[in-house]
Amino acid sequence: MPIRCFNLSLKLLFGEIVKSKKYGKVVNANFRRISPRPDWGWENWLTDASRSGGAAQDLHIHDTDYVLSVFGQPKKFYSVKNTLGETNSYINTIMQYEDFAVSVEGTWDLPFTHPFEASFRVVFENATVENGANGFMVYTDSCAEKIEIEKKELKGSVEGGNISDLGGYYNELSYFCNRANNRLPIEQATLENGVSSLKFLKKELSFNA
């Protein structure tokens, strides 16, 4: 059973962990984003792949974009999609890098009773970093430690939508507004990054073994 350890920098974010090589090189990684069917969309437009691109373009692309931002373009990749049911409601891509592989799975073809999940597990030479049911964790042979991410608390009684939780959406909007107010260029998640990720997704969708 792993024991608690307290010598980890709790403010390290995943991208910084990879770049710092704190736990050695990446050995393999898995990103997973699964969801119930989004039948709540206006006129069911989300489940119409001709309008939304399906789960691949609306859901899976978030992880594809993140993987590309951290690891860059892969040397090669292999992608599969469902052929029964709703078009592009399931996609799984394996990306091959110089000496490690990353799998990225996405689907929204699940029952309404199934919870939404966005998780990842990255195995390094000397540790495993995971974001899942137990939170943002680092596991080594000697300890298990939760990485605490600083988060602003919402004041007042605002509820519903993306503004009810000051998490990722808030950080994105705060960064954008700050750069705009100070007339500074956007350096994180640029338009070029988005275009590059969409182009890669199109390659995933057109991939034929």
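These figures come from a predicted structure and were not determined experimentally. Each chain carries its own residue numbering, running from 1 in the written order of its sequence. The model is predicted, so local features are restricted to residues of pLDDT at least 70 and side-chain atom pairs to those at 80 or more, both for listing and for counting; the totals for chains, interfaces and linings are taken over all residues. Heavy atoms throughout the structure, all of them, feed into the side-chain values; hydrogens and water do not.

1. What to know about helix H3 (residues 54-71)
We count it as follows: Only DSSP runs of H or I covering at least 4 residues are called helices, and only runs of E covering at least 2 are called strands; the numbering of each starts at the N terminus. By definition here, a helix of n residues has an expected span of 1.5 Å times n minus one. In this analysis the local bend is the angle between axes fitted, respectively, to the seven residues ending at and the seven residues starting at the residue.
Its 18 residues place the ends of H3 25 Å apart at the C-alpha level, agreeing with the 26 Å of an ideal helix rising 1.5 Å per residue. Approximately 55 degrees is the largest bend angle found in H3, and it occurs at His60. Backbone geometry just after H3 places Gly72 at a positive phi near 85 degrees.

2. Details of the packing of aromatic side chains
Put simply, the rule is: Any Phe, Tyr or Trp ring, taking Trp's six-membered ring, that has another such ring centre within 6.5 Å forms a pair; planes under 30 degrees apart are called stacked, those over 60 apart edge-to-face, and the others tilted. Any residue under 20% of the maximum accessible area for its type is buried, any over 50% is exposed, and the rest in between are partly exposed; the area is computed with a 1.4 Å probe on protein chains only.
Applying the stated criterion to the full structure yields 10 aromatic pairs. Seen from their ring centres, Phe77 and Phe200 are 4.9 Å apart, and the 50 degrees between their planes marks the pair as tilted. Remark: Phe200 occurs in helix H5 (residues 191-206) and Phe77 occurs in strand E2 (residues 76-81); sequence separation between them is 123 residues. Look at Phe200 and you get buried, because its relative accessible area is 3%. Arranged with centres 5.9 Å apart and planes meeting at 80 degrees, the rings of Phe120 and Phe136 form a pair that is edge-to-face. In this pair, Phe120 is assigned in strand E5 (residues 117-124) and Phe136 in strand E7 (residues 135-139), connecting sequence segments 16 residues apart. The same class applies to Phe120 as to Phe136, namely buried. Taken together, the ring pairs connect Phe31, Tyr66, Phe120 and Phe136 into an aromatic cluster.

3. Side note on H5
So the rule is basically this: Arc definition: directions from the helix axis to the C-beta atoms. Contacts between residues were defined by any pair of non-hydrogen atoms, one from each residue, lying within 4.5 Å.
With 16 residues, H5 extends 23 Å between its outermost C-alpha atoms, agreeing within 8% with the 22 Å of an ideal straight helix rising 1.5 Å per residue. Those residues of H5 lying buried are Ser197, Phe200, Leu201, Glu204 and Leu205. Seen end-on, H5 carries its buried residues on one side only, within an arc spanning 145 degrees. What points out from H5, more than 90 degrees from its buried face, is the exposed set Leu191, Glu192 and Lys199. Buried-residue contacts for H5 involve H3, E2 and strand E3 (90-96).

4. As for the confidence of the model for the protein
Basically, it comes down to this: Scored between 0 and 100, pLDDT is the confidence that the predictor attaches to each residue.
The predicted model of the protein has a mean per-residue pLDDT of 86, with 86% of residues at 70 or higher. Looking at the elements of the protein, mean pLDDT is at its lowest for helix H4 (residues 168-181), recorded as 83, and at its highest for E3, recorded as 97. This model gives residues 1-12 a pLDDT under 50, and the stretch forms 27 contacts once residues within four places in sequence are excluded.

5. What to know about the nonpolar core
Applicable threshold: Here the nonpolar core consists of buried residues drawn from Ala, Val, Leu, Ile, Met, Phe, Trp, Tyr and Cys, with membership extended through side-chain atoms lying within 4.5 Å.
The biggest cluster of nonpolar side chains holds 25 residues, and the ones touching the most others in it are Phe14, Phe31, Phe71, Val102, Phe124 and Val129. Listed by contribution, the elements that provide at least two residues to this core are helix H1 (14-20), strand E1 (26-36), H3, strand E4 (101-110), E5 and E7. When residues of this core are assigned to their parent elements, the largest contribution, 4 residues, is made by H3. Look past the residues within four positions of Val129 in its chain and what remains in contact with it is Phe14, Ile17, Tyr23, Phe120, Arg121, Val122, Phe124, Phe136, Met137 and Val138. Judged by nonpolar contacts, the second largest core, of 5 residues, contains Ala56, Ile61, Ile91 and Leu205.

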